[in-house]
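Fold and geometry: a report
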Amino acid sequence: MLGDLRKRASRRRLLAGAASLGLGALATACAGGGPPSTPAAKPTPTPEPSLRGLAQARGLKIGSAALPLPREPLYQETLAREFSMLTPEYTMKLDHLQPAQGRYEFDQTDAIVDFARREAMDVRGHTLVWHGALPDWLVDGGHTTGELRSILRDYILTVGKHYRGKVVAWDVVNEAIRGDGRLRDTIWTAGLGPGYVDVAFRWAHEADPDAMLFLNDYGGEGMGPKSDAVYSLAKEMVERGVPLHGAGLQMHVSIARSPSPEDVASNIGRLGGLGLEVHITEMDVRVQDSTLPMDERLAAQARIYGDMMRVALDAEACTAFVTWGFTDRHSWIPDFTGNPDAALLFDEAYRPKPAYRALVEALSGA
Ligand code: XIL
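Residues numbered from 1 in each chain as written. Predicted model: local features only at pLDDT ≥ 70, side-chain atom pairs only at ≥ 80, totals over all residues. Heavy atoms only, no water.

On the surface, Arg149, Arg153, Lys161 and Arg164 cluster together into a patch of positive charge. On the accessibility criterion, Lys161 (44% relative accessible area) is partly exposed. (Patch = residues over 30% accessible without salt bridge, like charges linked within 9 Å, V, L, I, M, F, W, Y side chains within 5 Å. Areas by Shrake-Rupley, 256 points an atom, 1.4 Å probe, with all protein chains shown as cover. Salt bridge = Lys/Arg side-chain N within 4 Å of Asp/Glu carboxyl O. Lys, Arg positive; Asp, Glu negative; His and termini not counted. Charge placed at Lys NZ, Arg CZ, Asp CG, Glu CD. Buried < 20%, exposed > 50% of the residue type's maximum accessible area, 1.4 Å probe, protein only.)

Further remarks concern helix H7 (residues 145-162). Helix length check: H7, at 18 residues, gives a terminal C-alpha distance of 26 Å against a target of 26 Å (1.5 Å per residue), a fit within 8%. Among all positions of H7, only Leu148, Ile151, Leu152, Tyr155, Ile156, Leu157, Val159 and Gly160 are buried. For H7, the secondary structure elements touched by its buried residues are helix H4 (94-97), strand E3 (122-129), helix H6 (136-139), strand E4 (169-174), helix H8 (187-192) and helix H9 (196-207). (Helix = DSSP H or I, 4+ residues; strand = E, 2+ residues; numbered from the N terminus. Expected span 1.5 Å × (residues − 1). Contact = heavy atoms within 4.5 Å.)

Another aspect to go through is the site of the ligand. The ligand sits among Glu89, Tyr90, Lys93, His126, Trp130, Asn174, Glu175, Gln250, His252, Glu282, Trp324 and Trp332. The separation between an oxygen atom of the ligand and a polar side-chain atom of His126 is 2.6 Å. Relative to its unbound accessible area of 410 Å², the ligand is 77% covered by the protein chains. Put simply, the ligand lies in the largest pocket. In terms of residue class, the shell around the ligand is made up of four nonpolar, four polar and four charged. (Near = heavy atom within 4 Å. Polar contact = N/O pair within 3.5 Å; in protein donor to acceptor, adjacent residues only side chain to side chain. 1 Å grid on protein atoms, 1.4 Å probe; cavity = no way out; pocket = protein on both sides within 12 Å on 5 of 7 lines; lining within 4 Å. Sits in = over half its atoms within 2 Å of the grid points. Nonpolar A, V, L, I, M, F, W, Y, C, P; charged D, E, K, R; others polar.)

Further remarks concern empty space enclosed by the protein. Picture a little ball the size of a water molecule; that probe, rolled over the atoms, points out where space is still empty. Applying the stated criterion across every chain, the model contains four cavities of 30 Å³ or more. Quantified by volume, the largest cavity comes out at close to 80 Å³. The wall of the largest cavity is formed by 13 residues, among which Asp217, Gly220, Val230, Gly248 and Leu249 lie closest to the centre. Secondary-structure elements contributing two or more residues to the lining of the largest cavity are strand E5 (212-217), helix H10 (225-239), strand E6 (246-249) and helix H11 (261-273). Of the residues that constitute the lining of the largest cavity, the class distribution is seven nonpolar, five polar and one charged. For the second largest cavity, the calculated volume is near 40 Å³. In terms of lining, the second largest cavity is formed by Lys93, Leu94, Thr127, Leu128, Val129, Trp130, Gly132, Ala133 and Leu134. Element by element, the count of residues in the lining of the second largest cavity is highest for E3, at three residues. Class assignment for the residues of the lining of the second largest cavity results in six nonpolar, two polar and one charged. (Points joined across faces, edges and corners; volume = space filled by probe spheres on them.)

This is the structure we're talking about:
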């Protein structure tokens, strides 16, 4: 698996020129407007200008977070048509997979993973170790440090083995670093000490030796204290021989605040220098913090999506570009911020937005 992805990364350079020539016309047609494909109406199998098709030609996986399935038909249709990678948005977290101590519930997540496999999409596992999405039995359990260690070990081995061979990449530890660059204090640092990060990766590797194992974090996409700290942690882990294979840049940004493309390119470059792959793991672009008219906000949003896609395509180490959902009908941002927003690629009626067309253009080499 690791080899496959790496091969894809190095093949990307070879494919890039020819692919953008070959698919450019289709992409331009799509950029003119309207939904990107209407499979039922076409009698012959002409290639569709989907993000998925365009990204494949560039050697890049393009993905989205996915909610429990099934949903309204357009949800599944759009997801499978446009994306080649899928991340369960919240069902693959500890509170869902182990709602009571020792009782694992996989059905909901298995349905998402089965959907992905039927549609030939790669699955990113999200996430084995986090300070969020913890059930009451764990938070209020009064467990000893020894118990916490065996709870985490049992969890990682059970979940990792359950999805062995089905998950291409795991976000093993999510959001380990604070904004100031220090290791975040969590139930896991309390239970296992700062070494919990290393042991989590070792257990995840034991559970599925072929899965690529990632550190995933937010706010460290460009250069700065946070990304410096993630880089240092990753470097030390690599030096210690910990099975770390990649770094995930969440990329929850807004039109008022996003890292410069140059900074993101530098950061991906230095992570790649450690021998790691980089995935953009959770991109969305908020438009709520602006007083501009909505069409200008959506244009600004589109520029950010397009810029980040160009960075991803240009960076040898970057092999996947994943958004945190795809339709404004289902996005975590309004719940998280308390305000309405439109942070994703399709509007609430599943019509492609300027942001979608910006990705098509970037993928087409425009
Ligand atoms: C969010 C989900 O989107 C929500 O549905 C859930 O209620 C809370 O978590 N960074 C992460 C993701 O790594 O797991 C978070 O997902 C968004 C921020």
